[in-house]
Amino acid sequence: MIDPVFAERRARVLEAMKSGVLVVFSAPQAIRNNDVEHEYRQDSDFHYLAGFDEPESVLVLSRVHEKPFVLFVRPKDPERETWDGPRAGVDGAVAEFGAVEAFPIAELAQRLPDFLENADRLYYRIGRDRAADDRVLSALERTRPRARRGSSYPTEIVDTETVLHELRRKKDAGEVALLQRAIDITAEAHVAAMAAVRPGMHEYEIEALLRGVFRRNGSERPAYAPIVGSGANSTILHYHQNDRKMDAGDLLLVDAGAEYGYYAADVTRTFPVSGEFTPPQRRIYDLVLAAQDASIAATKPGATLDAVHAESVRVITEGLVELGLVQGPVDAAISEERYKRYYMHKTSHYLGMDVHDVGRYFVGGKPRPLEEGVVFTVEPGIYVAAHDDQAPAEYRGIGVRIEDDVLVTADGCRVLSEAIPKRRRDVELACRK
Ligand code: GLY
Ligand code: MN
Ligand code: MN
């Protein structure tokens with residue numbers, strides 16, 4: 001059965017386009033070596049509009065052509081399908097995915113000009129995939145001479161962002177349900193990691209546990225490479241090696257989220273390997289949690305992500321001054337951005353099909369007001385490098401981030417990841433299980 005959600009999205013995009021034609025390419029396949037490919041994941045825009053997840057495909061939506069939705073796809077090929085699995089083929093693209101007509105991908109060069117003809121503008125994300133750009137621009141070039149016969153061709157190329165990513169920025173109930181499922185799976189994994197961690201284990205054992213919980217629950221893949229950083233590794237923002245042996249007294253920072261049905265969770269918890277925070281760890285932890293509480297409290301329609309960030313910056317800077325990590329007074333430490341030595345990233349990013357999801361953060365140079373249905377992370381942190389000789393010795397090598405996923409509601413927000421312990425006592429209890 002054809003899922004009506006994709007047809008509804010296409011209708012909304014066609015409406016937003018007003019005129020012209022929109023072209024989206026499937027994600028390119030990446031070769032790992034020889035004839036072995038990296039795992040394939042469809043381009044999020046493509047999936048959003050068609051639910052069609054095969055490579056070597058092109059989607060065309062048109063306001064001018066008599067066929068408003070066509071797909072170019074890999075044709076059926078029994079021999080290849082023996083190796084790579086079934087393909088929908090041209091007939092399947094129509095019957096199962098609702099294309100008005102479908103064509104073999106090999107006919108793209110010949111047929112794409114028919115869809116560009118008489119379209120005043122071409123919605124296309126130029127620059128993302130140079131091989132795709134080449135094919136689109138060649139088709140455009142071949143459309144132009146047809147003007148001598150009385151037709152027209154696109155004279156504007158418009159980024160698909162303007163019509164498609166604006167829709168993706170606000171999530172409907174079905175999307176929130178998929179996000180919630182990704183987050184619930186992620187919650188189970190984080191709680192299991194807290195219960196399992198012991199001194200003497202390696203970070204990769206926790207990574208394996210997380211990946212196992214994700215996959216066992218039907219998550220297709222992690223939404224990004226899990227970060228499992230213990231001790232001083234907790235201060236390295238994009239740490240991925242996950243190969244250190246953990247010691248008693250270490251903190252472990254786990255930033256890991258499942259992907260489910262093309263939607264991403266993005267959650268961080270930081271917890272003590274031996275089940276109890278040391279006093280300096282406790283002070284840093286409580287500060288990050290207070291910052292996160294303040295940012296979440298500021299989340300509502302009309303607020304901006306800049307305002308949400310400012311809350312975390314204020315609480316963290318006050319705390320850093322009090323702990324002797326940053327020179328006061330607080331106002332000057334904020335205006336001169338002294339806090340950035342220990343809090344060097346932003347508090348939030350949009351979350352959805354992509355972990356750093358699409359949608360504009362600024363409009364007309366101004367931070368954009370939040371609206372109901374927008375989902376984003378709130379993830380303040382403090383990271384004191386092990387070699388930071390300006391920091392009091394007791395804080396060196398401590399990294400803490402607490403990251404939750406938040407949905408803006410009509411009158412405030414809902415923390416979709418609230419089931420994962422984060423109050424210090426709750427974390428210590430979860431670690432002793
Ligand atoms: N896990 C990526 C991020 O937190 O932005
Ligand atoms: Mn994040
Ligand atoms: Mn994260």
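K.L.:
Break down the coordination of the manganese ion (ligand 2) for me, with residues and values.
P.N.:
Those protein atoms acting as donors to the manganese ion (ligand 2) are Asp-266 (OD), His-349 (NE2), Glu-379 (OE) and Glu-403 (OE), and they sit at 2.0 to 2.2 Å. Considering all six donor atoms around the manganese ion (ligand 2), angles at the metal cover 51 to 153 degrees and the coordination shape is irregular. When the donor residues of the manganese ion (ligand 2) are listed from N- to C-terminus, their spacing reads D-x82-H-x29-E-x23-E. Separating the manganese ion (ligand 2) from the manganese ion (ligand 3) is a gap of 3.3 Å, which Asp-266 spans by donating to each of them. In this pair, Asp-266 is assigned in the loop between strand S13 (263-264) and strand S14 (267-272) and His-349 in the loop between helix H12 (330-335) and strand S15 (362-363), connecting sequence segments 83 residues apart. His-349 matches Asp-266 in its accessibility class, with the two residues each being buried.

K.L.:
Talk me through the coordination of the manganese ion (ligand 3); I want residue IDs and the actual numbers.
P.N.:
Distances from the manganese ion (ligand 3) to its protein donors, Asp-255 (OD), Asp-255 (OD), Asp-266 (OD) and Glu-403 (OE), fall within 2.1 to 2.4 Å. In this structure, the manganese ion (ligand 3) is surrounded by six donor atoms whose angles at the metal cover 56 to 171 degrees, and the resulting shape is irregular. Considered as a linear motif, the donors of the manganese ion (ligand 3) on their single chain read D-x10-D-x136-E.

K.L.:
How would you explain the site of ligand 1 if you had to name every residue and give the values?
P.N.:
The local shell around ligand 1 consists of Tyr-224, Asp-255, Asp-266, His-349, His-356, Glu-379 and Glu-403. Here a nitrogen atom of ligand 1 and a side-chain polar atom of Asp-255 are 3.1 Å apart. A distance of 3.2 Å separates an oxygen atom of ligand 1 from a polar atom in the side chain of Glu-403. When the free accessible area of ligand 1 is taken as 200 Å², the share hidden by the protein chains comes to 84%. More than half of the atoms of ligand 1 fall within 2 Å of the grid points belonging to the largest pocket.

K.L.:
Would you mind going over the pattern of salt bridges in detail, with residue names and values included?
P.N.:
Any two side chains of opposite charge can pair, on the condition that their charged atoms come close. Within this structure, the stated rule accounts for 39 salt bridges. Salt-bridge contacts for Arg-341 lead to Asp-388; the nearest nitrogen and oxygen are separated by 3.0 Å. Here Arg-341 is found in the loop between H12 and S15, whereas its partner Asp-388 is found in the loop between strand S18 (381-383) and strand S19 (399-401), with 47 residues between them in sequence. Judged by relative accessible area, which is 38%, Arg-341 ranks as partly exposed. Exposure remark for Asp-388: the relative accessible area of 6% places this residue in the buried category. Across the salt bridge formed by Arg-401 and Glu-379, the nearest N and O atoms sit 3.9 Å from each other. Taken together, the residues span a long stretch of sequence, with Arg-401 in strand S19 and Glu-379 in the loop between strand S17 (375-378) and S18 at a distance of 22 residues. With relative accessibility at 8%, the residue Glu-379 sits in the buried group. Bridged by salt links that share partners, the residues Asp-45, Arg-168, Lys-171, Asp-354 and Asp-357 form one connected network.

K.L.:
Mind laying out the pairing of strand S4 (residues 58-62), listing which residues take part and the relevant values?
P.N.:
Among the five residues of S4, five are classified as buried, and the element is accordingly described as predominantly covered. Pairing geometry for strand S1 (residues 21-25) and S4, over five bridges, is antiparallel. In the strand pairing of S4, Val-24 is matched with Leu-59. Of the strand pairs in this sheet, S4 and strand S5 (residues 69-73) are connected by four bridges, and their pairing is antiparallel. In the sheet register, Val-60 faces S5, and the bridge partner there is Val-70. If you look at the hairpin formed by S4 and S5, you'll find six residues sitting between the two strands.

What counts, and where the lines are drawn
All residue numbers refer to positions counted from 1 along the written sequence of the respective chain. Note on labels: chains are lettered from A, ligands numbered from 1, in written order. Confidence filtering applies because this is a predicted model: local features only for residues at pLDDT of at least 70, side-chain atom pairs given and counted only at 80 or more, and all residues used for totals across whole chains, interfaces and linings. Remark: hydrogens and water are excluded; side-chain values derive from all non-hydrogen atoms of the structure. Excluding water, the donors of a metal are its N, O and S neighbours within 2.8 Å, or within 3.2 Å for Na, K and Ca, and that exclusion means sites may look incomplete. Four donors are marked tetrahedral only if all angles between them lie between 85 and 135 degrees, whereas four are marked square planar and six octahedral if opposite donors are more than 155 degrees apart and the other angles lie between 65 and 115; the remainder are marked irregular. Going along the chain from the N terminus, every DSSP run of H or I of four or more residues is numbered as a helix, and every run of E of two or more is numbered as a strand. Residue burial is assigned from relative accessible area. The probe radius is 1.4 Å, only protein chains are included, and a residue is buried under 20% of its type maximum, exposed over 50%, and partly exposed in between. The near set for a molecule or strand comprises every residue that places at least one heavy atom within 4 Å of it. Polar contact criterion, stated in full: a pair of N or O atoms within 3.5 Å, where within protein one must be able to donate a hydrogen and the other to accept it, and residues adjacent in sequence count only if both atoms are side-chain atoms. Note that accessible areas follow from Shrake-Rupley with a 1.4 Å probe, and for residues the cover is restricted to the protein chains shown. Points on a 1 Å grid, built from protein atoms alone, make a cavity when a 1.4 Å probe fits but cannot get out and make a pocket when they are open with protein on both sides within 12 Å along at least 5 of 7 lines; residues with an atom within 4 Å of a point are the lining residues. Each molecule is assigned to a cavity or pocket provided more than half of its atoms lie within 2 Å of the corresponding grid points. Only one rule defines a salt bridge in this text: a Lys or Arg side-chain nitrogen within 4 Å of an Asp or Glu carboxyl oxygen. A pair of strands counts as paired when DSSP detects no fewer than two bridges linking them.

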